[in-house]
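Examination of the molecular architecture
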Amino acid sequence: MRIRKAFCILLSGFLLLSLAGCESFARKFTRKSKKTDQAVEMVLAPEEYKGPNMTKEELYRQYFLYWKAWQDELINALVQKASLKKKIDCAQEALKNLVNMKTQLVPEAQKNFDPSIARLNDLLVSIKGDIYGSNDVGNYRAAEQIKANIQRDFIYPKIRNYLK
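One structure accompanies this document, and this report is about it. Because the structure is predicted, anything quoted here is derived from the model rather than measured.

With that settled, the discussion passes to the environment of N135. With respect to the helices and strands, the residue N135 is situated in the loop between helix 6 (114-129) and helix 7 (136-153). Expressed as a C-alpha distance, the spacing of N135 and L78, which sit 57 residues apart in the sequence, is 9.3 Å.

This next bit is on unusual backbone geometry. Within the chain, K81 stands out as a residue other than glycine whose phi angle is a positive 55°. As for its placement among the helices and strands, K81 is situated in the loop between helix 3 (56-79) and helix 4 (84-103). According to the relative accessible area criterion, K81 is exposed, its value standing at 54%.

This part is about helix 3. Between its terminal C-alpha atoms helix 3 stretches 34 Å, which fits the 34 Å expected from 24 residues at 1.5 Å a residue. Among all positions in helix 3, only L59, Y60, Y63, F64, W67, Q71, L74, I75, A77 and L78 are buried. Elements that come into contact with the buried residues of helix 3 comprise helix 4, helix 6, helix 7 and helix 8 (156-159). K81 lies just past helix 3 and shows a positive phi near 55°.

Each value, and the rule that gives it
Residues numbered from 1 in each chain as written. Predicted model: local features only at pLDDT ≥ 70, side-chain atom pairs only at ≥ 80, totals over all residues. Heavy atoms only, no water. Helix = DSSP H or I, 4+ residues; strand = E, 2+ residues; numbered from the N terminus. Buried < 20%, exposed > 50% of the residue type's maximum accessible area, 1.4 Å probe, protein only. Expected span 1.5 Å × (residues − 1). Contact = heavy atoms within 4.5 Å.

Set out below in structure tokens:
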């Protein structure tokens, strides 16, 4: 019995010492405050990112490549009967890149782009009006014709003398 009492006293003493630790008992179990001394610097005058400086040739080729990719995506969407939103997005992106291609040229050569832009815009209007996809075959043929005409008339070797 004496051994048991001594063991309990020894154990409770050991627990008290381990709980107290090196720091005082009160500090050991209180939550530490989070310090936010780091000041966040405010942006007063935002700067527009100009991107890498590209020549007119590189920009034209890039816009041509983007137009071709979006035109192909539009054609695939029409073939696969994709959603109306997908078709409209593809047509809008193709139109946007075609207009960007036009801006890289001298004003005399820009006039040559107007019929293609008008045809692509008409195709976009036709796609927007075709909610159920009943005219996908006709829109597909129009998209293929536009693609063929642009690839024939506006590839870089034919246009390089008309860049700004």
